[in-house]
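# Notes for the structure review
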Amino acid sequence: MTNYFSKDFWWGASSSAFQVEGAWDEDGKGKTVADYNAFQKSDVQADTRVASDFYHNYKEDILLMKELGLKAYRFSISWARIIPDGDGEVNQKGIDFYNNVIDFLIENDIIPFVTLYHFDLPFALVEKYNGWESRDCAFAFERFARTCFEAFGDRVKHWQVHNEQNLMIRVNIRMNMYDVPSEQAEKVRAQMDYHMFLAHALATNACREMLPGVQIGPAVSSTMTYPSSNRPEDVWAARMNDNFKTNYALEMYCFGEYPGYYKEYLNKCDIYPETKPEDEEILKASKPDYIAVNYYRTLVASYLPADEAHPFGTKKNDIDFDLYGYFKIEKNPNLEVTDYGIQVDPTGLRLLLNDYYEKYRLPMIITENGLGTGDQLTEDGKIHDDYRIEYLENHIAACNDAISDGVELFGYCPWSVMDLLSSRQGFMKRYGLVYIDREDFDLKELRRIKKDSFYWYQDVIKNNGLN
Ligand code: BG6
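Residues numbered from 1 in each chain as written. Predicted model: local features only at pLDDT ≥ 70, side-chain atom pairs only at ≥ 80, totals over all residues. Heavy atoms only, no water.

### What to know about the site of the ligand
Let me state the cut-off plainly: A cutoff of 4 Å decides nearness: a residue is near a molecule or strand if any of its heavy atoms lies inside that distance of it. Under this definition, polar contacts are N or O atom pairs within 3.5 Å; protein pairs additionally need one hydrogen-donor-capable and one acceptor-capable atom, and for neighbouring residues in sequence, both atoms have to be side-chain atoms. Computed by Shrake-Rupley with a 1.4 Å probe, the accessible areas treat only the displayed protein chains as cover when residues are assessed. Residue type decides the class: Asp, Glu, Lys and Arg count as charged, Ala, Val, Leu, Ile, Met, Phe, Trp, Tyr, Cys and Pro as nonpolar, and the leftover types, Gly among them, as polar.
Neighbouring residues of the ligand: 13 residues in total, closest Gln19, Glu164, Glu368, Lys429 and Tyr431. Between the ligand and serine 422, the relevant distance is 3.2 Å, taken from an oxygen atom to a side-chain nitrogen or oxygen of the residue. Its free accessible area being 380 Å², the ligand has 91% of it covered by the protein chains. Class assignment of the residues belonging to the shell around the ligand gives a composition of 4 nonpolar, 5 polar and 4 charged.

Here it is as structure tokens:
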């Protein structure tokens, strides 16, 4: 295979604050929506209280990253560690923690690649004004972003604003939509989404003003959808599934306005968010420097006609919603499916990267891609995760192909650098290159064990690609 990865390609790996750090209320950190949700599910340890205990083990973990050969580490800063109540006092101990992490990464020649917001809104802002439902939240976020740029911008040259806004907006608990009556849910959701776009733009513009030359962009949950047949309606349905789940957000980030089909939807459902005239300039000025792609699977859609009971609007199926009048999600009989229902499709990644590049002509990086499953610690104390190696290998080959097609891809970061708290399945479902020896209800000693995939990825990095 011809290797198309450039010499300075970023072989990285990813995580997020609430999924690895633990220490959920240490050194002044405030509670987050992620903490609140985790505590609802379990009152023992499979939550954000300890997670992978990165907070206390960051040195050991970064040394493992060094041994792995990582060029970049993509992680997130917890807003509530920096500003515990979201919009009040800055917590110096939170700043100190991330300073230590960033400095130690740099000392070990690893580029810190920082996400500002990964599903963990300070809970105090929920209590104050239901978080993103309020326009004030966008300005609180801008202040938090400015605080981070000020504190870390001398060393952090690559930033991500929101992680997967386009997916989290559909997940009620992530958006703290606990008490919103169902008839108001879509209106509230649309307003929250808009405020998050505004916040994204405010942070991007602040970054440009405070840190000229630094790179900033969004991380999107990517969808790539095939039509269930060659009926024109199904082809349209597949397009609309991508449009409603991902592309409308990319259009907003890149061009500062909703595309026509999305405006039409918001208007027809009578849920168009409140905006202010001055927003237009803010949104239009904030074109990202790159797009970060989180990719796990592809989908299949067929046309779903509107009927009297469902003239227009969404039918919720958590993440994979169907939209009457547009699309319905189907199974793909041609793809293998993981234990957790993910349709594995490396070719989909090549298609998607080509598609985004044709549309937006921006450099891209993969910031999440990986296989979540239960790993078995064998008697010899090892994890033989050949299934994960196969998944990563095929997706890296797809990246190589996409680069050969002309796509500007500057990095690849598997999800995840170490086992972490899966958003829904705790430590039952693992993604890491490093095994964290704990169970959902037994913390054990939280030993770090390098999986077979760790050694395999180490070779990929050494060889700057697949052999
Ligand atoms: C992405 C998120 O959507 O998917 C991660 O950015 C998450 O935070 C990952 O962990 C895998 O999802 P899950 O539900 O298997 O943890």
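### Topic: the sheet that holds strand β4 (residues 158-163)
Stated precisely, the cut-off is as follows: A pair of strands is treated as paired once DSSP finds two or more bridges between them. Elements are defined by DSSP. Helices are runs of H or I of four residues or more, strands are runs of E of two residues or more, and each kind is numbered from the N terminus. Note on geometry: axes are lines fitted to C-alpha atoms, helical ones only across the stretch in contact, with angles between N-to-C directions running from 0 to 180 degrees. Residue contacts are defined here by distance: any two heavy atoms, one from each residue, within 4.5 Å place the two residues in contact.
Taking strand neighbours around the barrel as the criterion, the 8 strands line up as β1-β2-β3-β4-β5-β7-β12-β13 in a closed arrangement whose pairing is parallel. When strand polarity is set aside, the average angle formed by the axes of neighbouring strands in this sheet is 30 degrees. Taken together, the 4 bridges between β4 and strand β5 (residues 215-221) define a ladder with parallel strand orientation. Within β5, the residue paired with glutamine 160 across the bridge is glycine 217. In this fold helix α7 (residues 135-152) packs onto β3 (111-117), β4 and β5, with an angle of close to 165 degrees to the strand it touches most, β3.

### Description of a negative patch on the surface
The following threshold applies: Residues with no salt bridge and a relative accessible area higher than 30% make up the patches, which join like charges within 9 Å and nonpolar side chains (Val, Leu, Ile, Met, Phe, Trp, Tyr) within 5 Å. Whenever a carboxyl oxygen of Asp or Glu lies within 4 Å of a side-chain nitrogen of Lys or Arg, that contact is scored as a salt bridge. Here the positive residues are Lys and Arg and the negative ones are Asp and Glu; neither His nor the chain ends is included. To locate a charge, the coordinates of NZ of Lys, CZ of Arg, CG of Asp or CD of Glu are taken.
Among the surface-exposed residues, Asp25, Glu26, Asp27 and Asp96 lie close enough to one another that they form a single negatively charged patch. Within the secondary structure layout, aspartate 96 lies in helix α5 (residues 92-107).

### Comments concerning the packing of aromatic side chains
What characterises a pair of aromatic rings is the spacing of the ring centres plus the angle enclosed by the ring planes. Cut-off, in case you're wondering: Here the aromatic set is Phe, Tyr and Trp, taking the six-membered ring for Trp, and pairing holds for ring centres within 6.5 Å; pairs whose planes are under 30 degrees apart are stacked, those over 60 apart are edge-to-face, and all others are tilted. For each residue, the accessible area found with a 1.4 Å probe, counting protein chains only, is set against the maximum for its type, and the residue is called buried under 20%, exposed over 50%, and partly exposed in between. Placement of a positive charge over a ring is assigned whenever Lys NZ or Arg CZ falls within 6 Å of the ring centre and within 35 degrees of the normal to the ring plane.
As enumerated under the stated definition, the model contains 48 aromatic pairs in all. Geometrically, the ring pair formed by tryptophan 456 and tyrosine 457 is stacked, given 6.4 Å between the ring centres and 25 degrees between the ring planes. For the pair tryptophan 456 and tyrosine 457, one class covers both residues: buried. Each residue in the set Phe197, Phe244, Tyr248, Tyr253, Tyr258, Tyr261, Tyr262, Tyr265, Phe321, Tyr326 and Phe327 is aromatic and connected to the rest through ring pairs, giving one cluster. The ring of phenylalanine 321 carries lysine 245 above its face, with NZ or CZ at 4.9 Å from the centroid.

### A closer look at the environment of glycine 88
Position of glycine 88 relative to the elements: it lies in the loop between α4 (79-82) and α5. Through-space distance from the C-alpha of glycine 88 to that of arginine 143 is 9.8 Å; in sequence the pair is 55 residues apart. Those residues in contact with glycine 88, other than ones at most four positions away along the chain, are Ile83 and Arg143.

### A look at the pattern of salt bridges
For the structure shown, the criterion picks out 31 salt bridges. Between lysine 263 and glutamate 257 there is a salt bridge, with its nearest N and O atoms 3.2 Å apart. A salt bridge links aspartate 375 to lysine 451; the shortest N-O distance between them is 2.5 Å. Of this pair, aspartate 375 sits in the loop between β12 (364-368) and α14 (386-405) while lysine 451 is found in the loop between β15 (442-450) and α15 (452-463), placing the two residues 76 residues apart along the sequence.

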